[in-house]
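Listed below are the residues making up each chain.
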Amino acid sequence: MTPPKNDKNTRTTGRPTLNEVARLAGVSPITASRALRGVSTVATELVEKVQKAALELNYVVNPAARALASAQSHSVVVLVPSLSNLLFIDTLEAIHRVLTPKGFEVLIGNFHYSRDEEENLLRNYMAYHPRGFLLTGFDRTESSRRMIEASNIPCVYMMELDSAAGVNCVGFSQLSAGETAAEHLLSRGRKRLAYIGAQLDQRTLLRGEGFRKALQKAGRYDPDLEILTPRSSSVGLGGELFLQLLAAHPDVDAIFFGNDDLAQGALLEALRNGIKIPEQVAILGFNDLPMSEHMVPRLSSINTPREAIGRRAAEQMLTLMAGNKVARPVEDMGFELKVREST
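This one's a predicted model, so the numbers in the text were calculated from it and none came from an experiment.

1. Quick word on the overall build of the protein chain
Along its length, the protein chain carries twelve helices and twelve strands. Principal-axis analysis of the C-alpha atoms places the extent of the protein chain at approximately 95 × 40 × 35 Å. Sorting the 343 residues of the protein chain into buried and exposed places 50% on the buried side. Pairs at least 24 apart in sequence give 69% of the contacts found in the protein chain among residues at least 6 apart. Carbon and sulfur atoms provide 51% of the accessible area of the protein chain, an area that totals close to 16600 Å². Taking the average place of the 39 positive charges on the side chains of the protein chain and the average place of its 39 negative ones, the gap between the two points comes to 6 Å.

If you want it as structure tokens, here you go:
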């Protein structure tokens, strides 16, 4: 008995194909593909037909198969060091809003502030032939750098700036932000200024360096008033380090925290222990997280343009994926000092 001919539009696994979805919806396979990818140019009624057909057939998109078929995927990989930090959530939301309507899938990797974890993620995602990489900062392993360079995949770096030739990046000067923090506290007449940083990623260290340089210039720097810990930044840790610092140096009259959650923890411990803010100690945070303006007292902080960075980085990526050069490869989005009751 002669076996039936294999229909190129069906899989031997028996799983439904894109062609079957297209036939059921009464559209071409290309239209069906675009509708399922969320391409904004597909008419709403056609999208509804395709989605209904896919649901009826229990069709699931296979991104790996799509990449193999076209030798190019529709995925953009975004690697961030944390998904618990609202800083990166705002950035990711903005990236989604730019890329998804253009038909791109956003693949998110969390490397937990580990350079080795980021290297593993890069290696694994390379197998999917992504169209682009959106990466956080410039601190990574040499192997990661070589992989990125050898891949010839467009790459945009976020949160930091680098004027090196061929680098596309969107961010702000972490060093300048630290200097601004010191200058603000000094302008308030503070004389014993401390810096508390956690996690110790490159950006936290750069903020601390900027703070230190400004204090040295003013003749107010004391190395004993720096607390740097690799522990994860949190409200609880902020309160703990605040009390630890004041116990050792009761004359401290201003503290710059490397992240708002640390500063929020300090405010809570100050309230609990009857320490008057800012009369006894001025407290300044960083990133201006949503809860900061509702603390008691309201927390002064340096506002970082998280959403704008994500949006502009994604726009740069669209330009690069279209085969064009970015007009301004280095984009400084700036930052803003938000002065409130705590300073």
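Following the structure, the description resumes.
2. Quick word on the packing of helix H2 (residues 29-37) against helix H3 (residues 44-57)
Two elements in contact, H2 and H3, have axes whose closest approach is 9 Å; the angle formed by their N-to-C orientations is 90°. When the interaxial angle is binned, H2 and H3 end up roughly perpendicular. Where H2 approaches H3, its residues Thr-31, Ala-32, Ala-35 and Leu-36 are matched on the opposing element by Leu-46, Val-47, Val-50 and Ala-54.

3. Section: the side chain of Thr-304
Counting through the fold element by element, Thr-304 comes out in the loop between strand E10 (300-303) and helix H12 (306-321). Residue contacts for Thr-304: discarding those within four places in its chain leaves Leu-87, Phe-172, Phe-286 and Asn-287.

4. Comments concerning the sheet that holds strand E8 (residues 254-257)
Paired through backbone hydrogen bonds, the strands of a sheet run either parallel or antiparallel to each other. Taken together, the six strands give an open sheet; going across it, the order is E7-E6-E8-E9-E10-E12, and neighbouring strands pair in mixed fashion. In this open sheet, the two edge strands, each paired with only one partner strand, are strand E7 (226-229) and strand E12 (336-338). Strand-to-strand, the axes of this sheet are offset by a mean angle of 15°, without reference to chain direction. Two elements, strand E6 (residues 193-198) and E7, share four bridges in a ladder whose sense is parallel.

5. A few points about the packing of helix H1 (residues 18-25) against H2
Two elements in contact, H1 and H2, have axes separated by 8 Å at closest approach and are oriented at 100°. Judged by the angle between their axes, H1 and H2 are roughly perpendicular. The segment H1 lies against H2, with Leu-18, Asn-19 and Ala-22 engaging Pro-29, Ala-32, Ser-33 and Leu-36. Grouping the constituent residues of the contact of H1 with H2 by class yields five nonpolar, two polar and no charged.

What counts, and at which threshold
- Residues numbered from 1 in each chain as written.
- Predicted model: local features only at pLDDT ≥ 70, side-chain atom pairs only at ≥ 80, totals over all residues.
- Heavy atoms only, no water.
- Helix = DSSP H or I, 4+ residues; strand = E, 2+ residues; numbered from the N terminus.
- Buried < 20%, exposed > 50% of the residue type's maximum accessible area, 1.4 Å probe, protein only.
- Contact = heavy atoms within 4.5 Å.
- Areas by Shrake-Rupley, 256 points an atom, 1.4 Å probe, with all protein chains shown as cover.
- Lys, Arg positive; Asp, Glu negative; His and termini not counted.
- Charge placed at Lys NZ, Arg CZ, Asp CG, Glu CD.
- Axes fitted to C-alpha atoms, helices over the stretch in contact; angles between N-to-C directions.
- Parallel < 35°, antiparallel > 145°, perpendicular 65-115°, else oblique.
- Pairing = 2+ DSSP bridges.
- Nonpolar A, V, L, I, M, F, W, Y, C, P; charged D, E, K, R; others polar.

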